[in-house]
Amino acid sequence: MDLQKYDHDPDFIFHKSWWPDVGYIQKGLDHETKEEIERLVSFNDMKEVLIGPAWIRMSARSIDSSGKRKYMYREGLRLVFRVEKNGAITYLSFLSETKKDVDSWIQRIHTHSIPAYVTDLDLHDAKREDFDFHYESIIRQPLHEAGLDFPERVDMKNEEFAPPQWKPDSFYKRKEREEARSKARMKKVRLVVFIGTFLVALFWIPHWSLDDDMNVMFLMLGILALLFPTYLHNAWKPFQSLLDTVMIGAALFGGLMTANLYTPITAAYYSTTWTTLLTFAVFHNGAFFLSRFWNKRDIRPSQKR
């Protein structure tokens, strides 16, 4: 049966898994001891299963009735097994994308008398910690009452037809942590760019041939190549590129003025550097705003539970 495992236990190095008649078996290595082990979760320990939509975003887009570009999604189902063993509660989460597979699993669930529930909330982006802390908050109905509507064939739909996403408090806190880590990495990149640009202005620009445009091109492309990936993250303010332009200007002219301590810097070099900065600003800010436009996401409805 084609169930795809979602997230694995961080203390367990997963190798493979299978579903014999007794339950679910994982084979892998213990993270600390590196010993190979097999772990069985029997059907008797599976106290209930929650089935909810899992809409998988594709790279393709379509035009909706209002003329806006919308992402296309492939429909899937997420099966979340609530496991109670030795007084501890854990959750096993899987993805299924075919009607045949879903029907087989529902039959197996009934065979082992596992209570089954369904929810209308999209569970695709939920993680283990979300279920650990907020599973009980998910509004659900018994499967035999609500039924299960799943297409006969794999199909893609426009995001305007997508169900609301389940986003508990832990979801937002996790996103905040990821955002903070990403911004911290990007700040380090900016520090490297500033120091590198200062050193270029200190040791390289004073020895430029003012008639050679390749030096200017090489410098601009190098800085853009380092800064542009940081703009693929949505956390930055709209004026971030302007601040970065000022940063590059300060590094360039700061480096040149410092270079003047060991070699004479003529006005022509300052003029060339100013022209370089202006040219860089045009491409740099243009790339920034294009990246913001590219990264702009139409926010799907969510339901915080």
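Cut-offs used in this document
- Residues numbered from 1 in each chain as written.
- Predicted model: local features only at pLDDT ≥ 70, side-chain atom pairs only at ≥ 80, totals over all residues.
- Heavy atoms only, no water.
- Helix = DSSP H or I, 4+ residues; strand = E, 2+ residues; numbered from the N terminus.
- Expected span 1.5 Å × (residues − 1).
- Buried < 20%, exposed > 50% of the residue type's maximum accessible area, 1.4 Å probe, protein only.
- Core = buried A, V, L, I, M, F, W, Y, C linked by side-chain atoms within 4.5 Å.
- Contact = heavy atoms within 4.5 Å.
- Phe/Tyr/Trp six-rings, centres within 6.5 Å; stacked < 30°, edge-to-face > 60°.
- Lys NZ or Arg CZ within 6 Å of the ring centre and 35° of its normal.
- Salt bridge = Lys/Arg side-chain N within 4 Å of Asp/Glu carboxyl O.

Chemist: Help me understand helix H6 (residues 240–259), please; the structure alone is not making it clear to me.
Modeler: Side chains that are three or four residues apart share a direction in an α-helix, a result of its 3.6 residues per turn. Given a rise of 1.5 Å per residue, 20 residues ought to cover 28 Å, and the 28 Å separating the end C-alpha atoms of H6 matches this to within 8%. Extensive coverage of H6 is indicated by the burial of 14 of its 20 residues.

Chemist: Teacher, can you tell me more about the nonpolar core here?
Modeler: Note that soluble globular proteins tend to have their nonpolar side chains buried in a common cluster. Membership of the largest hydrophobic core comes to 23 residues, with the highest contact counts inside it found for Ile205, Ile223, Ile248, Leu252 and Phe280. Elements that contribute at least two residues to this core include exactly helix H4 (169–203), helix H5 (213–227), H6 and helix H7 (267–295). Setting aside anything within four residues of it in sequence, one finds Ile248 in contact with Val193, Thr197, Ile223, Leu277 and Phe280. Counting 22 residues, the second largest nonpolar core, distinct from the first, contains Val41, Leu77, Phe94 and Val102.

Chemist: Please clarify how the environment of Arg128 should be interpreted in this entry.
Modeler: With respect to the helices, strands and loops of the structure, Arg128 is situated in helix H2 (residues 128–134). Given a relative accessible area of 24%, Arg128 falls into the partly exposed group. A sequence separation of 38 residues divides Arg128 from Thr90, and the C-alpha atoms of the two residues are 8.8 Å apart.

Chemist: Help me understand the packing of aromatic side chains in this model?
Modeler: Aromatic ring pairs are defined here through the distance separating the ring centres and the angle between the ring planes. Applying the stated criterion across every chain yields a total of 19 aromatic pairs. Its end group placed over the ring of Trp105, Arg108 keeps NZ or CZ at 5.3 Å from the ring centre.

Chemist: Looking at this structure, how should I read the pattern of salt bridges?
Modeler: Opposite charge on two side chains allows them to pair when their charged atoms are near. Scanning all chains against the criterion turns up 11 salt bridges. The residue Glu97 makes a salt bridge to Arg74 at a minimum N-O spacing of 2.5 Å. Pair noted here: Glu97 is in the loop between strand E7 (88–96) and helix H1 (99–111) and Arg74 is in strand E6 (residues 69–85), with a separation of 23 residues, a long-range link. The exposure classification of Glu97 matches that of Arg74, with both residues buried.

All we've got here are geometric facts, nothing functional implied.
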